[in-house]
Amino acid sequence: MKTYDWENAFPAVPAMVHLRLEKALEEKGTMNRKYVRRPAAALALVMALLLALMGVAYAAVNSGILEYLVGGEESASQALKASIQPVTATAEKDHIRIDLTGAIFDGDRLALSFTMENHKPEEMAYVTLDEVSLNGEWIPISFQSFAGQWLPDVFAIDFPDYSRNPNSGGMLSDWLKKEYTGIIQGEATFVVQRPMKQAVVIDPWMWYDYDVVLEDEESRAHYQARKDAILQSGLEVADVFRDAHSYLGEGYTVLDAWGNFLLDQSEYQYLRPFFMSENYGSRPVYHETINREGQMMETARITIPFTLNADSVQDIRLDVVIPDIELENCTAHFEKISVTPLSTLVKLKLYPRENTPEAVTELSRCYGCPSISVPEGQRIEWLQMEGEGFAGGRRDEDGRHYYEISFSWGGMMELPDSLCFSYEFDAEPEEAQIARLRQEFIEKLTIPLN
């Protein structure tokens, strides 16, 4: 997926300009080792065979999934390209057409890409990827670009190669707990919503003289392109003398210049009780569509079916099993180590010598938030895709306390010989004992990949 540095893309607005409604910019040792499934050498051989056939297989699919995940073919590893599954599907309702343009499934996570187009662009639609399922079971979405997407996207700051209509993007799932085999039947369901009456844009950015507000010529062009797109869309634009209260009283759907709902924002939430039900802003469990009753109404549900081959993922996976490792103050247990062209997943549990919450707190103070790294002299070339990074904290499982450290990263351009941990982004601990324990942690906890 293409990224854009929204926070630093444009110069600061002079203090003399009134920015009351400006919104925050949005847009992303030695040990016994046992290997299961395919070691890296066999993985490389399998990948070579796959790549030999790639001219046929890859040509049969759309590269939309690579565009979403890493920004295009040129930024993808050969292994990631080879792992694309040839899926295509199209559905249309309420003048909204949605095309499934690619899929990658590695056994742990699912990535999908879509293109959607409003065939009646004079009538703005708001589209959300509401739910994804595999074999009829809901799967969690970790990231997506369609968590409420206006179509045409007249609210986007214009930048090269961006298309307001059609609009492309995708989703990446969270870790999947279930292990799938054989042919999987999947579905992705989108919800189409439209304003109850008519949408109105209330935002000082629509009133400013950009020649005065923005010093940079390129920035002025970007903002002007957005302003022109909003005006040409037919949306009403409020003047400086009308406020949100009056428009809400007349039943309008009130937006800012970024396409955000004003009633979603803290400074306007005091208006909700006067115009909206108490359910406004809620979201049902297992769904992504937010209830904006009184502002938006559902006009269509579009379901895209697709089929995946779960057995093919065994050719692109490297799973490593490492026996428990004894450290001075705890036992380290690797719950999961999985490396694929799409994902690098590591989950580690540290069990203290004393099974108490206090002992776990001490482990968290000692080991904190390490980085996933490689031995000195090597480097990891991560694929630039969305990822959750580090997660962890105190846990309790059936009365057994532990501290969990987990990493959820994207794939790597090439596999290093091993992975390890470091504290390169942490300041040197003041306590000598913590420094010593961390050094033991780094030296003993190595993950071999080759």
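Going by the structure above, here's the rest.
We now turn to the structure provided with this report. Everything numeric here is computed off the predicted structure, so don't read it as measured data.

We now examine the sheet that holds strand β13 (residues 236-237). Read across the open sheet, the three strands follow the order β13-β12-β14; overall the sheet is parallel. The sheet is open, and its two borders are formed by β13 and β14 (253-255), each paired with just one other strand. Across two bridges, the pairing between strand β12 (residues 199-201) and β13 is parallel. Within β13, the position partnered with V201 by the bridge is V237.

Okay, a nonpolar patch on the surface next. Together, W138, V285 and Y286 give the surface a local cluster of nonpolar side chains, amounting to about 330 Å² of exposed area. Following the sequence through the fold, W138 ends up in strand β7 (residues 137-138). Residue class for W138 comes out partly exposed when judged on its relative accessible area of 36%.

What follows deals with the environment of G71. Along the chain, G71 turns up in the loop between α3 (64-70) and α4 (78-82). Exposure remark for G71: the relative accessible area of 15% places this residue in the buried category. Expressed as a C-alpha distance, the spacing of G71 and Q384, which sit 313 residues apart in the sequence, is 8.1 Å.

Together, E215, D216, E217 and E218 line one region of the surface with negative charge. Here E218 lies in helix α6 (residues 217-232).

This next bit is on the layout of surface pockets. In this structure, the second largest pocket encloses a volume near 850 Å³. As for the second largest pocket, its lining consists of 36 residues, and the residues nearest its centre are D108, W175, L176, K177 and K336. Elements with a minimum of two residues in the lining of the second largest pocket: β7, β16 (318-321), β18 (330-339), β21 (389-397) and β22 (400-410). By residue class, the composition of the lining of the second largest pocket is 17 nonpolar, five polar and 14 charged.

Criteria and thresholds
- Residues numbered from 1 in each chain as written.
- Predicted model: local features only at pLDDT ≥ 70, side-chain atom pairs only at ≥ 80, totals over all residues.
- Heavy atoms only, no water.
- Pairing = 2+ DSSP bridges.
- Helix = DSSP H or I, 4+ residues; strand = E, 2+ residues; numbered from the N terminus.
- Patch = residues over 30% accessible without salt bridge, like charges linked within 9 Å, V, L, I, M, F, W, Y side chains within 5 Å.
- Areas by Shrake-Rupley, 256 points an atom, 1.4 Å probe, with all protein chains shown as cover.
- Salt bridge = Lys/Arg side-chain N within 4 Å of Asp/Glu carboxyl O.
- Buried < 20%, exposed > 50% of the residue type's maximum accessible area, 1.4 Å probe, protein only.
- Lys, Arg positive; Asp, Glu negative; His and termini not counted.
- Charge placed at Lys NZ, Arg CZ, Asp CG, Glu CD.
- 1 Å grid on protein atoms, 1.4 Å probe; cavity = no way out; pocket = protein on both sides within 12 Å on 5 of 7 lines; lining within 4 Å.
- Points joined across faces, edges and corners; volume = space filled by probe spheres on them.
- Nonpolar A, V, L, I, M, F, W, Y, C, P; charged D, E, K, R; others polar.

Function cannot be read off these values alone, since they describe shape.
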